[in-house]
Amino acid sequence: MTAAALYLPPDIRLLNAVSTLLFVIAAAALMALGVGALGRAQVFAIRSIQIEGDVHRNSAATIRAHAMPQLAGNLFNIDLPVARAVFQSVPWVRGAVVRRVWPDQLAVRLEEHQVAALWGSGEGIDRLVNTHGELFDANLGDIEDDSLPTLSGPEASAAQVFAMYQRLGTVVQPLRARIETLALSGRGSWRMTLDTGARIELGRGTDDEVVTRTALFVRTLPQLTARYERPLVAADLRHRDGYAVRLKDVVTLLDIPPGAAPGAKPTDRR
């Protein structure tokens, strides 16, 4: 405010202040009307969607056809989080990044689920597990890989079961076998089946304890199968100081001292 303005009569100063306020309000209203008009302008309607990233399970045309009817607004007022949810509702899509492209386009980068296992329940195979240990829904008829393992357990345990499958898969490699099924019961007990048909009760405990117990079993089992020249049918690792095994036509209990060294020999008690 200048020195001259300080000496204006109070009523003149008030009139100037009111005029300035009215000007600001009018400018804001005009700006809001302009933004609203842009928001309604058909010239900025979304006319195309550019699909990038993983589109192995769905064609770009299929994704566009699924999404377009559900997208509301134009380039200025479209809700991007809502648009992202629309694209992520497409089967096999794990994640989507959506951005505006001037003047009438959306660019969408997709990440698809990479299936790693089947997920079973008391009702049968009903969901899939991706490589992040996440459950997702998809058409099971789209699965071409017949060697996928079947995992099961409480729904919230999918990531834990998948992590355990990865750890135990490495442990059983010396048996020249792979895990066909791995299940975690509601009481925390583990059970697995190998592709040889052998069923193994792993028991309860922390994940590290179960893995350690299984590793000891894998190290000592070949001595037994070589002695009897019989394949493994079933095993129970829930014994305190050893494990019980059933070979074809042979049932035996092996004692293994607690903390036994990797080369320790089990004591056969039939």
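Residues numbered from 1 in each chain as written. Predicted model: local features only at pLDDT ≥ 70, side-chain atom pairs only at ≥ 80, totals over all residues. Heavy atoms only, no water.

A. A look at the environment of V245. Here V245 is to be found in strand 12 (residues 242-247). Along the backbone, V245 and A235 are 10 residues apart, and their C-alpha atoms lie at a distance of 4.2 Å. (Helix = DSSP H or I, 4+ residues; strand = E, 2+ residues; numbered from the N terminus.)

B. Quick look at helix 6 (residues 207-228). Between its terminal C-alpha atoms helix 6 stretches 32 Å, which fits the 32 Å expected from 22 residues at 1.5 Å a residue. Maximal helix bending in helix 6 amounts to about 35°, located at T220; proline P222 follows within four positions. By the burial criterion, the buried members of helix 6 are V210, V211, T214, A215, F217, V218, T220, L221, L224 and Y228. Positive phi shows up at E229, right after helix 6, with a value of about 50°. (Expected span 1.5 Å × (residues − 1). Bend = angle between axes of the 7 residues up to and from the residue. Buried < 20%, exposed > 50% of the residue type's maximum accessible area, 1.4 Å probe, protein only.)

C. Local environment of helix 5 (residues 158-171). Between its first and last C-alpha, helix 5 extends 20 Å over 14 residues, near the 20 Å set by a 1.5 Å rise per residue. Among the residues of helix 5, those classed as buried are A158, V161, F162, M164, Y165, L168 and V171.

D. Just the sheet that holds strand 3 (residues 105-112), in detail. Spatially, three strands are ordered 1-3-2 in an open sheet, and the strand pairing comes out mixed. One side of each edge strand has no neighbouring strand; the edge strands of this open sheet are strand 1 (48-53) and strand 2 (93-101). Within this sheet the neighbouring strands show an average axis-to-axis angle of 25°, counted without direction. The pairing of strand 1 with strand 3 spans six bridges and is classified as parallel. Bridge assignment links Q50 to a residue of strand 3, and that residue is A107. The sheet strands contacting helix 4 (residues 80-88) are strand 1, strand 2 and strand 3, and the helix crosses strand 2 at an angle near 140°. (Pairing = 2+ DSSP bridges. Axes fitted to C-alpha atoms, helices over the stretch in contact; angles between N-to-C directions. Contact = heavy atoms within 4.5 Å.)

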